[in-house]
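Descriptive analysis of the structure
Chain by chain, the residues:
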Amino acid sequence: MANRGNFGSKLGIVLATAGSAVGLGNVWRFPYMTGENGGAAFIILYFGCILLLGIPGMVSEFVIGRRAQSNAFRAYGKMGGRLWGLVGIVGILTSTIILGFYAVVAGWCLQYLLASVLGQLNGDAAYVQHYFTQFSSDPVRPALWAVAFIVLTHLVIVRGVQRGIERASKILMPLLLLLLVVIVVASCLLPGAIEGVRFLLLPDFSKVTHSVLLEALGQAFFSLSLGTACLCTYASYFSRDTNLLRSATQIALLDTVIAILAGLMIFPAAFSVGVNPDSGPSLIFITLPNVFQQAFAQLPVVGYVISILFYALLVFAALTSTISMHEIGTAFFHEELKLSRRQAAWILTAVCSIIAVFCSLSVGAVSGLQVFGLQLMDFCDLLTAQLMLPAGALLTSLLLGWFVSKQTVRDEFTNGGTVSQRLFGLWHFSVRFVVPVCIVLIFLHQLGVI
C-alpha cells in the first residue's frame, strides 16, 4: 500500500522499535527478577539469552514485516500462505488483550504521578500499602485512568507513522533516558548505596539454577516484545536499505542498558534504607514510595522531586509500549477493513478500553469477575504471557526456518545481497533449531511442566 507511511530516519527506527520493547517490564519486572535470582548472575544469563533468542527472534519478525510491507495478518499470509495469516491474527489479538490490561497498570502510574505531585505518598509503609489497596479496589478512578491512558496513546497513533509514532519516540525515549540517569545518580549518592551497586554488578552464582536460566530466557523473550506482532508491524514501515541485524542488535542493547540502569536506580536506594531487593511485584507501588521517602529524609525536597521524576519515568516507559501495541491492531483494521486511520484507531481504542475497564474492576471492586478462578486481569496476563506469546514466537521461527525458502529469507536478511552474508548461516541455524527449542522450554516452564 503506497500510502502506508514509513519511518523517516534510522534513528527513528531504533527509538520507536526500542520504545516498543522498553516498558514497565524493564523498570519494574527486570529489577525484581534480578533481585530474586542472584543479581549480576541473572544479568549475565539474561544478556546471553538476548543474544541466543532475542536478536534472532527480532530479526525473524523484521524479515516478515519488511518483506510484506503490510499489517501482521497479511504479512504472515504473504510469507507462508493464507493459513499462516492466522499467526498474525494471534499476534493482533495478543497485543490487544495486553494493551487492555497493561493500560490498567499504566493508569496506576498516572495516579501515582499525580499523587507524588500533590505529596499524597508521604507516610509509613503501612500507609503506602493502604493507599494502594484503597485506590486499586476503587470501582471508578483506576478504570478512568486506564481509559485515559489508552486515549493518550490513541492521540499519538492517529497522527500516523512519522508525525505520530516516530515523533513521539524521539521525544519520549531521550526523556526516559535522561530521567533514568538523573535518578540513578541521586540513588547512587545515598549513604550505603554502594551495597546496592555491588549486589547488581557482582554475580552470586550460588542462586543460579535451571529455573533461573528459564526465568532469564522468559524475561528476554517478553522484554523484546517477541510474539506480539509488534516487531513485524513496525518492520513493515522500515525502508528497504535498513540493516535488519544491526537494527535488532542496537535495539536489544538499548533495551538491556535501560533495564540495567533501572536496577542502578532501585537497588542503591533500597539498600540505603535496608529494603529487601527481592520485594517482588509490589516493588513499584508499595515498596518504592516509602524507599524514596526514607532515603531522602534529610532532603525532603529532593525526595519529593525524585518521586515525581520516577513516576513520570514509568508513564513514559508505559506509553512507548502502548503506542506500539495500539499500532498493531490499528494497521490491521486500517488495511483489511479499508477504513481511515482515525476510524481504525477508534475501533481499537474502544475495544481496549472495554477490556481495561473490566480488568480494572476485577482487581478489587468486583470480586466475581473471574475466569477459571483467576481475576480477569490475572487471567489475561496468564493467557497472553504463557500461551499466546510463546505460540506466536514459536510459529514465527518455524515459518522462517522451515517453510519459507532459504533464498527468500537470505535476500531479505542481506537487503538483496547489499549487506554482508557472513552471519546469515548462524542466524538461520538459530531460527531453525535454537529459538524453537528455547521457546518450548519457556513454554513448558511457564506451564509448570519443568
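An account of the accompanying structure is given in this report.

1. Examining a nonpolar patch on the surface
Taken together, the side chains of Leu 374, Leu 382, Leu 387, Val 437, Leu 441, Leu 447, Val 449 and Ile 450 define a hydrophobic patch exposed on the protein surface, amounting to about 620 Å² of accessible area. Of all the secondary structure elements, the ones that give two or more residues to the nonpolar patch are helix H16 (376-403) and helix H18 (424-446). If you trace the backbone, Leu 382 turns up in helix H16.

2. Some remarks on the pattern of salt bridges
Scanning all chains against the criterion turns up 7 salt bridges. Note that Glu 195 and Arg 198 form a salt bridge whose closest N and O atoms lie 2.5 Å from each other. Here Glu 195 pairs with Arg 198, and both are found in helix H9 (residues 193-201), just 3 residues apart, close to one helical turn. On the accessibility criterion, Glu 195 (40% relative accessible area) is partly exposed. For Arg 198, a relative accessible area of 40% translates into the label partly exposed. Within this structure, Arg 66, Arg 67, Arg 240 and Glu 412 form a network of salt bridges that share partners.

3. Observations regarding the packing of helix H2 (residues 24-36) against helix H10 (residues 210-223)
Here H2 crosses H10 at 175°, and the two axes come no closer than 11 Å. When the interaxial angle is binned, H2 and H10 end up roughly antiparallel. Here Gly 25, Asn 26, Arg 29, Phe 30 and Met 33 of H2 lie close against H10, whose contacting residues are Glu 215, Gln 219 and Ser 223. Here the residues of the contact of H2 with H10 are counted per class, giving 2 nonpolar, 4 polar and 2 charged.

4. Quick notes on the packing of aromatic side chains
Aromatic rings considered in pairs are described by the distance between their centres and by the relative angle of their planes. All told, the structure shown has 25 aromatic pairs when counted by the stated rule. Measuring from ring centre to ring centre gives 5.4 Å for Phe 332 and Phe 333, while their planes differ by 65°; the resulting arrangement is edge-to-face. By relative accessible area, Phe 332 is classed as buried at 16%.

5. Notes on the nonpolar core
Judged by nonpolar contacts, the single largest core of 158 residues is most densely connected at Met 265 and Phe 310. In this view, Met 265 contacts Val 27, Leu 180, Ile 183, Val 184, Ser 187, Phe 310 and Leu 313; residues no more than four positions away in its chain are not counted.

Reading the values: rules and limits
Residues numbered from 1 in each chain as written. Predicted model: local features only at pLDDT ≥ 70, side-chain atom pairs only at ≥ 80, totals over all residues. Heavy atoms only, no water. Patch = residues over 30% accessible without salt bridge, like charges linked within 9 Å, V, L, I, M, F, W, Y side chains within 5 Å. Areas by Shrake-Rupley, 256 points an atom, 1.4 Å probe, with all protein chains shown as cover. Salt bridge = Lys/Arg side-chain N within 4 Å of Asp/Glu carboxyl O. Helix = DSSP H or I, 4+ residues; strand = E, 2+ residues; numbered from the N terminus. Buried < 20%, exposed > 50% of the residue type's maximum accessible area, 1.4 Å probe, protein only. Axes fitted to C-alpha atoms, helices over the stretch in contact; angles between N-to-C directions. Parallel < 35°, antiparallel > 145°, perpendicular 65-115°, else oblique. Contact = heavy atoms within 4.5 Å. Nonpolar A, V, L, I, M, F, W, Y, C, P; charged D, E, K, R; others polar. Phe/Tyr/Trp six-rings, centres within 6.5 Å; stacked < 30°, edge-to-face > 60°. Core = buried A, V, L, I, M, F, W, Y, C linked by side-chain atoms within 4.5 Å.

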